[in-house]
Amino acid sequence: MSDTFERACAAADVPDEGVIPVEVGGVEVAVVKSEGQYFAVRDECSHAQIQLSEGDVGECEIECWLHGSRFDLRTGEPTSLPAYDPVPIYPVRLDGDDLLVDVKNPINQASL
């Protein structure tokens, strides 16, 4: 199996309990650091097609700024309404100082 991870950004670019938008392999991704871990999630709320990278991060969740939907960064599942569909999440790997993301093999089966 070939390696499908691609560089997303430098790990230092992502603030603690923060998020940055990046494009990986033609996919808009929100790269998040929460509770000392890195996550990658499709940068689009499943409720209103708003960039999740503009929202707040905390306790391994990201919140959509428009209507307040929250998503678990580990599973992509919504943890609050009005969203009820999950968002795609992707494997993340630290390689030296860089974060690599695999957008070709999402962890969950969510689709937008």
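Residues numbered from 1 in each chain as written. Predicted model: local features only at pLDDT ≥ 70, side-chain atom pairs only at ≥ 80, totals over all residues. Heavy atoms only, no water.

### Section: the pattern of salt bridges
Moving on, step 1. Under the counting rule described, the total for this entry stands at six salt bridges.
Moving on, step 2. Between Asp98 and Arg7 there is a salt bridge whose closest N-O contact spans 3.1 Å. Remark: Arg7 occurs in strand β1 (residues 6-10) and Asp98 occurs in strand β10 (residues 98-101); sequence separation between them is 91 residues.
Moving on, step 3. Looking at Arg7, the relative accessible area reads 48%, which means it is partly exposed.
Moving on, step 4. Here Lys33 makes a salt bridge to Asp16, at a shortest N to O gap of 2.8 Å. Taken together, the residues Lys33 in strand β3 (residues 27-34) and Asp16 in the loop between β1 and β2 (18-24) connect sequence positions 17 residues apart.
Moving on, step 5. Exposure remark for Lys33: the relative accessible area of 17% places this residue in the buried category. (Salt bridge = Lys/Arg side-chain N within 4 Å of Asp/Glu carboxyl O. Helix = DSSP H or I, 4+ residues; strand = E, 2+ residues; numbered from the N terminus. Buried < 20%, exposed > 50% of the residue type's maximum accessible area, 1.4 Å probe, protein only.)

### Quick notes on the sheet that holds strand β6 (residues 61-63)
Moving on, step 1. Taken in spatial order, the three strands of this open sheet run β5-β6-β7, and their pairing is antiparallel. Of all the strands in the sheet, just β5 (56-58) and β7 (70-72) have a single pairing partner and so form its edges. Ignoring which end each strand starts from, the neighbouring axes of this sheet average 20° apart.
Moving on, step 2. Relative to β7, β6 runs antiparallel, the two being bridged by three bridges. (Pairing = 2+ DSSP bridges. Axes fitted to C-alpha atoms, helices over the stretch in contact; angles between N-to-C directions.)

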